[in-house]
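An overview of the molecular structure
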Amino acid sequence: MVLLSQNQAFAFEDGFAVAKPLGEVRIIETFGRGCLYIILGVIVVMVLAFIVGGTISIPWFIVIPLIILAFWAASRKNK
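Note that the structure is a prediction, hence the values are computed from the model and not measured.

What follows concerns the overall build of the protein. In terms of regular secondary structure, the protein is built from two helices and three strands. Helices (α) and strands (β) of the protein occur, in sequence order from the N terminus, as β-β-β-α-α. The buried share of the protein, taken over its 79 residues, is 14%. Counting contacts in the protein only where the partners sit at least 6 residues apart, residues at least 24 apart contribute 41% of the total.

What follows is the structure, encoded as structure tokens:
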């Protein structure tokens, strides 16, 4: 992201640099960073399951707050 002015920045869309409002660029960055945190968490659990040599079952009422926590942490990184 390259800052153009107080309220605009360059973002890449379909391989082209496009001037977008800064708020929209931050939302895209937050979503991408949140997805990255979730992917890293899944990789950690997979490695742990491989080391243990079994299956790790995580119930939905634990997974959903962890997903929310990942996106909250990603949004805090932008501020």
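Still more to cover.
Between two aromatic rings, the relevant description is the distance of the centres plus the angle of the planes. Overall, the coordinates contain one aromatic pair when judged by the stated rule. Aromatic side chains Phe31 and Phe71 sit 6.0 Å apart centroid to centroid with 15 degrees between the ring planes, which places their arrangement in the stacked category. Pair noted here: Phe31 is in helix 1 (residues 22-52) and Phe71 is in helix 2 (residues 60-78), with a separation of 40 residues, a long-range link. The exposure class of Phe71 is partly exposed, given its relative accessible area of 26%.

By volume, the largest pocket is sized at about 320 Å³. Lining the largest pocket we find Tyr37, Ile38, Gly41, Val42, Val45, Met46, Ile58, Val63, Leu66, Ile67 and Ala70. Broken down by secondary-structure element, the contributors of at least two residues to the lining of the largest pocket are helix 1 and helix 2. Of the residues forming the lining of the largest pocket, the biggest block, six residues, is contributed by helix 1. Partitioning the lining of the largest pocket into residue classes produces ten nonpolar, one polar and no charged.

With that settled, the discussion passes to a nonpolar patch on the surface. Residues Val45, Leu48, Val52, Ile56, Ile58, Phe61, Ile62, Leu66, Leu69 and Trp72 make up a contiguous nonpolar surface patch of about 960 Å² in total accessible area. Of all the secondary structure elements, the ones that give two or more residues to the nonpolar patch are helix 1 and helix 2. Within the fold, Val52 resides in helix 1.

Turning next to the environment of Ile56. Counting through the fold element by element, Ile56 comes out in the loop between helix 1 and helix 2. Overall, the relative accessible area of 36% leaves Ile56 in the partly exposed class. Taking C-alpha positions, Ile56 is 8.3 Å from Met46, a pair spaced ten residues apart along the chain. With near-sequence residues (within four places) excluded, Ile56 lies in contact with Val45, Leu48 and Ala49.

Rules used in this analysis
- Each residue is numbered by its place in its chain's sequence as written, counting from 1.
- Local features in a predicted model are, by the rule used here, given only for residues with pLDDT of at least 70; side-chain atom pairs are given and counted only at 80 or more, and totals for whole chains, interfaces and linings are based on all residues.
- With hydrogens and water set aside, each side-chain value is computed from the structure's full complement of heavy atoms.
- In this text, helices come from DSSP runs of H or I with a minimum length of four residues, and strands from runs of E with a minimum of two, each type numbered from the N-terminal end.
- Any residue under 20% of the maximum accessible area for its type is buried, any over 50% is exposed, and the rest in between are partly exposed; the area is computed with a 1.4 Å probe on protein chains only.
- The contact criterion used throughout is that any non-hydrogen atoms of two residues lie within 4.5 Å.
- Centre distance within 6.5 Å is the pairing criterion for rings of Phe, Tyr and Trp, where only the six-membered ring of Trp is used; planes under 30 degrees apart are then read as stacked, over 60 as edge-to-face, and the remainder as tilted.
- Only protein atoms enter the 1 Å grid used here. Points where a 1.4 Å probe fits but cannot escape make up a cavity, open sets with protein on both sides within 12 Å along at least five of seven lines make up a pocket, and a residue lines them when an atom lies within 4 Å of a point.
- Grid points are joined across faces, edges and corners, and a volume is the space filled by probe spheres set on the points.
- Residue classes follow a fixed rule: Ala, Val, Leu, Ile, Met, Phe, Trp, Tyr, Cys and Pro count as nonpolar, while Asp, Glu, Lys and Arg count as charged, and any other residue, Gly among them, counts as polar.
- The patches reported here contain residues having more than 30% relative accessible area and no salt bridge. Joining distances are 9 Å for like charges and 5 Å for nonpolar side chains (Val, Leu, Ile, Met, Phe, Trp, Tyr).
- The method behind every accessible area is Shrake-Rupley, applied with a 1.4 Å probe, and residues are considered shielded solely by the protein chains displayed.
- Note on definitions: salt bridges are taken to be side-chain nitrogens of Lys or Arg within 4 Å of carboxyl oxygens of Asp or Glu.

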